[in-house]
Every structure is written in structure tokens, then in C-alpha cells.
Amino acid sequence: MTSTVTVETRSGRVRGTVEQGVARFLGLPYAAPLDGAGWFLPATPPVPWEGERDASEFGPTVPKAAYDPPINEILADEPDFPGAECLNLNVWTPDAAGSAPVVVWIHGGAFRAGTARIPTYDGASFARDGLVFVSINYRLGALGFLDLGDGHTNVGLRDQIQALRWVQDNIAGFGGDPSRVTVMGESAGAMSVASLLSSPLAQGLFNQAILESGAGHHAMRRSTAQTVARALAAKLGVDPTRETLGTVPILEVVAASKELSAEIAAQPDPARWGEVVADTMAWEPTVGDDVLPVLPIESLRAGAGSGVRVLIGRNLEEGRLFIVPGGVIDHIPEPAALGAAALYGFPDPQAAVEAYQARGAKTPGELFMLLLEDRTFTVPANRLAEARDGAPSDTFVYRFDFPSTALGGNLGATHAVELPFVFDTLHKGTAQALTGPNPPQALADEMHGAWVRFARGDDPGWAPYAAGRQVRVFGGEAPLETDPDAAIMAVWEGVR
């Protein structure tokens with residue numbers, strides 16, 4: 001049976017629905033509608049409304065590029081619902097009159113895809129367990145990370161910061177405690193969390209952070225970002241200004257952004273495209289402004305975010321999602337791994353390749369995949385945990401080892417496969433296209449429970465990393481390992 005409940009926000013009154021003891025308020029704007037050049041400019045406060053606003057349905061999604069096949073067949077829940085009021089968020093709460101800890105979810109998608117509407121991200125299980133859960137949408141691709149040399153940088157990160165400010169201003173009305181906020185993200189969402197941890201503009205907006213499969217290394221110089229922005233404007237046949245770009249239909253901008261990303265990948269010239277080639281993302285945060293004065297990992301090493309408790313980790317076989325579907329892994333040529341090692345900055349690329357061969361990589365595809373996943377996920381996660389040695393707040397590290405049974409078991413413990421377990425949404429939407437059929441509920445109970453304990457401010461169930469490099473392994477042979485990535489980090493010493 002469904003009933004309704006109302007809450008007063010600073011912009012007006014909203015009416016949500018209650019099902020099985022959890023109240024949902026969907027599609028709440030944290031910023032004004034977007035139009036024209038406004039698609040590329042920092043958000044402004046939401047427009048107040050009169051009367052009660054219906055919050056029973058999700059709001060519009062941010063314009064975005066779809067995943068490329070065959071990955072789009074696995075990450076299939078990518079709805080598109082266009083609308084100018086796409087800077088919105090959703091709230092699940094167990095008790096609008098309470099004062100519960102809050103979790104704010106930032107979705108992934110390589111900074112160019114994703115949405116808070118994906119069924120896997122349903123926040124009801126967190127509310128069921130006593131937390132207020134918030135999921136947000138933020139601008140992606142060129143809309144979020146266009147740098148034209150003006151003062152309007154990192155618009156997508158500024159969206160996230162504005163959403164966190166909305167939480168500070170409004171969440172008490174939904175039964176949340178604004179002094180106990182955990183910001184949580186996966187992939188580009190986790191890279192966003194690392195950026196927020198390091199950003200002077202986000203300080204004080206949260207006191208805990210969860211980073212799944214992403215950390216503090218992925219960002220580009222403003223000069224690189226401006227090269228990409230000028231190339232996009234040229235492709236669209238307009239001057240490189242926000243005003244002229246604002247005259248182009250927004251879906252044309254999204255399509256041209258995706259085409260440009262594909263062109264860079266097809267002709268990866270580091271002399272022209274800089275760090276885009278190694279990061280494989282044409283649109284990502286930029287460093288050198290008031291949001292990110294320097295690369296996030298550098299700020300974190302200098303003590304930024306040291307007062308924030310952190311839970312960070314990765315999956316055992318992150319890279320398989322990117323090159324196993326469609327059989328790409330079987331067609332990677334022999335020189336690819338050596339070229340990747342050189343691109344990644346190894347002073348002796350051949351020695352790096354031999355080190356990976358000694359670890360058991362047998363084919364060119366396996367070598368390339370391991371280099372890719374360690375550069376993107378393993379090394380950044382370990383470096384962030386190490387950067388917090390001596391911090392006043394604890395850091396907890398995990399690894400997810402349970403292999404997907406999808407694609408005949410060939411996906412393994414790949415990128416994003418942990419998400420339905422974390423959210424306890426194994427049977428929602430198309431989650432099993434990623435996990436495979438009949439995923440173990442006991443593992444979801446275990447992992448979701450650890451995240452809930454952390455969000456409450458308790459230990460998640462194992463010792464902090466600084467106490468002895470202890471890593472919690474979910475779905476592996478043993479629940480705890482000590483410094484399991486020591487050999488990998490030795491190979492990458494002085495690199496990355």
C-alpha cells in the first residue's frame with residue numbers, strides 16, 4: 001500500500017510517496033532549469049514554486065552519450081528522459097522526522113554517461129537500514145567539463161558541490177543529519193569524490209567518503225582541456241565560446257563530443273591530446289582553478305580531506321569490462337602492451353611488460369588489460385590510501401573478488417559488478433546482465449552491511465589500513481589480506 005508524505009524545502013513544499021516504510025522524494029531540483037549558454041555555465045539556485053510539488057517520479061536525465069556496444073548491452077539501464085530541469089536529486093528516508101546519517105551517491109560513467117535513475121541505484125535498501133539516501137545528477141561530457149579559458153571551469157564538479165550544499169540546507173527536513181554526510185561514488189563518481197575530498201570549495205560539506213573503483217589521479221591540465229574544447233567547437237562549426245555553443249541543439253553537442261572522443265581513441269597522439277590519450281577520457285576534471293588547484297592526489301598528500309573518514313577499494317579484475325565483451329581481448333596485437341607501458345611513463349617499458357609476464361599474464365590482451373586496470377584503478381586506490389597515513393581520520397580498504405557469471409564467466413570480478421551487491425539490488429532492472437544469474441544474496445548482505453556500518457560512523461568490520469595494510473576481501477578465498485598489492489606497487493614505483 002502506498003501513501004503520501006510532504007516535506008518543506010527552501011524552494012517549496014514537496015510531496016513524496018511511502019512504500020514499505022520508506023519515503024521517496026524523486027526529481028527534486030537543486031538548481032534552476034538549463035537553457036542556451038546556461039547548459040555550459042555554473043548552475044544557479046532552483047526556482048521556488050507555489051503549493052505542493054509532486055515528487056513521485058524521477059526527473060529528467062542530463063544529456064549524455066550512450067555506452068558503446070557491446071558494453072551498452074551489459075550496462076543496459078541507461079534511460080534518457082530529456083528536460084531542462086535535469087539538475088535534480090532523489091531522496092529516500094526511513095523517517096522524515098528523524099535525524100539519521102546521510103549518504104549522497106555520485107554515479108559513474110567515465111564523466112560522459114550514467115544517471116541517478118538506474119534501478120541498481122535505488123536507495124530504498126539504505127533507507128530500510130536507517131540511513132537517508134540521496135542520489136544526484138550532474139552535467140557530463142562537454143556540458144560538465146568544457147574549458148574555454150574563461151572562469152567557468154569544472155561545471156560538473158560545481159554541480160556536485162551545489163547538490164551537497166542543497167543537502168546541507170534541506171536534508172534535516174527529510175530526517176537527515178547534515179553533520180553526518182557520507183559522499184559515495186563509483187568509477188568517475190569515485191574520481192569525483194576524490195576531487196571533492198581535495199577541493200577547497202567542498203570542505204565542510206561531508207565528513208565521510210566512499211570511493212569504489214576510482215581515486216585521485218584522473219584530471220587534466222587546463223591547456224589540454226582547452227585543446228579538446230577548441231576541437232569540439234571546430235567540429236560543430238562555431239566559435240569556441242559558451243554563447244555560440246549555446247546556440248547549437250544540445251543533442252548535437254553531445255553527439256559531436258562522442259565523435260571527438262572516438263577520433264582521439266582512433267588516433268591517440270599524446271603530442272596533440274596530452275593526458276587524454278592515457279586517461280582515455282576526453283572529458284574529465286581539470287586542475288588549476290578554484291575547484292581543483294592541483295591534481296587531487298597531490299592535495300590529499302598535503303593533508304586535504306584528512307579529517308574525513310574514507311572507505312576505498314577496487315575490484316579484482318576491473319579491466320575485463322572494457323576489453324572482454326565482443327572478444328576485443330583476443331585481438332589486441334603483441335606490441336600494444338609495450339606501447340601502453342611507454343605511454344604510461346615506465347622508464348623501461350620492456351622491463352614493465354616482463355614483470356607482468358612474470359605475474360602470469362600470458363597473452364597480449366591479458367598484458368594490456370592488467371596494465372590498463374592497474375594504472376586506472378589499483379595504483380590510484382593504493383596511493384590514495386597511502387597518502388592518508390597519519391591522517392586523524394581512518395581509512396578502510398577493500399577489494400571485491402566475486403566473479404560475474406555473465407558472458408560465460410568471462411567477465412570475472414570486473415568493473416562495476418560490485419554495485420548491485422553494495423546497493424542490495426541484485427534483482428532490480430538489468431543488474432544480472434552484469435552479475436550473471438542467481439547472484440548470492442549472502443554476499444550482498446555482507447557488503448551492503450559493511451557500507452551501512454561505515455555510513456553510521458562505525459567500523460565497517462575490519463581494521464583501518466594504517467594499522468597494518470589490512471584489506472577486506474569480499475567474495476574471495478579469505479576475508480582479509482595484508483598488503484595484497486605490494487608486488488604491483490613495486491612495479492609502479494616512481495610511475496604514475
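Residues numbered from 1 in each chain as written. Predicted model: local features only at pLDDT ≥ 70, side-chain atom pairs only at ≥ 80, totals over all residues. Heavy atoms only, no water.

Here the focus is the nonpolar core. Val91, Phe206 and Leu211 are the most contacted members of the largest nonpolar core, which totals 93 residues. Among the elements that take part in this core, helix H5 (residues 188-198) stands out by supplying 7 residues, more than any other. Once residues within four sequence positions are removed from consideration, Val91 is found in contact with Ala23, Arg24, Phe25, Leu28, Val132, Phe133, Val134, Trp166, Ile171 and Phe174. (Core = buried A, V, L, I, M, F, W, Y, C linked by side-chain atoms within 4.5 Å. Buried < 20%, exposed > 50% of the residue type's maximum accessible area, 1.4 Å probe, protein only. Helix = DSSP H or I, 4+ residues; strand = E, 2+ residues; numbered from the N terminus. Contact = heavy atoms within 4.5 Å.)

Okay, helix H8 (residues 250-266) next. The end-to-end C-alpha distance of H8, which contains 17 residues, comes to 25 Å, matching closely the 24 Å that a straight helix rising 1.5 Å per residue would cover. Buried residues of H8: Ile250, Val253, Val254, Ala256, Ser257, Leu260, Ser261 and Ile264, and no others. End-on, the buried residues of H8 take up no more than an arc of 165 degrees, which puts them together on one face. Away from its buried face by more than 90 degrees, H8 exposes Leu251 and Ala266. The inward-facing, buried residues of H8 contact helix H3 (141-145), helix H6 (222-236), helix H7 (242-245), helix H9 (270-273) and helix H10 (275-279). (Expected span 1.5 Å × (residues − 1). Arc of directions from axis to C-beta.)

With that settled, consider the environment of Leu26. Here Leu26 lies in strand S3 (residues 22-29). You can call Leu26 buried: its relative accessible area is 2%. Sequence separation between Leu26 and Glu57 is 31 residues, and the spatial gap between their C-alpha atoms is 5.5 Å. Not counting chain neighbours up to four residues away, the residues in contact with Leu26 comprise Ala55, Ser56, Glu57, Phe58, Leu89, Asn90 and Trp92.

Before going further, it helps to spend a moment on the UniProt feature "domain: Carboxylesterase type B" (unreviewed entry) in the protein. As recorded in UniProt, the sites labelled "domain: Carboxylesterase type B" (unreviewed entry) are residues 5-323 and 358-460. Taken end to end, residues 358-460 is 48% helix and 6% strand, and its two terminal C-alpha atoms sit 35 Å from one another. (UniProt positions renumbered as here; feature names shortened; annotations may be inferred.)

Moving on: the pattern of salt bridges. For the structure on display, the rule yields 29 salt bridges. With a closest N to O distance of 3.1 Å, Glu52 and Arg15 form a salt bridge. Of the two residues, Glu52 sits in strand S4 (residues 52-54) while Arg15 sits in strand S2 (residues 12-19), which places them 37 residues apart along the sequence. Overall, the relative accessible area of 26% leaves Arg15 in the partly exposed class. One salt bridge connects Asp279 with Arg375, and the closest N-O pair in it is separated by 3.0 Å. Of the two residues, Asp279 is situated in helix H10 and Arg375 in helix H15 (residues 364-387); the sequence distance between them amounts to 96 residues. On the basis of relative accessibility, which here comes to 5%, the residue Asp279 falls in the buried class. (Salt bridge = Lys/Arg side-chain N within 4 Å of Asp/Glu carboxyl O.)

A word on the packing of helix H14 (residues 349-358) against H15. Orientation of H14 relative to H15, taken along the N-to-C sense of each, is 105 degrees, at an axis distance of 10 Å. With respect to H15, the element H14 is oriented roughly perpendicular. Contacts between H14 and H15 involve Val353, Tyr356 and Gln357 from the former and Leu367, Leu370, Leu371 and Asp374 from the latter. (Axes fitted to C-alpha atoms, helices over the stretch in contact; angles between N-to-C directions. Parallel < 35°, antiparallel > 145°, perpendicular 65-115°, else oblique.)

Two faces belong to every sheet, and in a regular strand the side chains alternate between them. Most of strand S6 (residues 100-106) is tucked away: 7 of the 7 residues are buried. Across 5 bridges, the pairing between S6 and strand S7 (residues 132-136) is parallel. Counted as the bridge partner of Ile106 is Ile136 from S7. (Pairing = 2+ DSSP bridges.)

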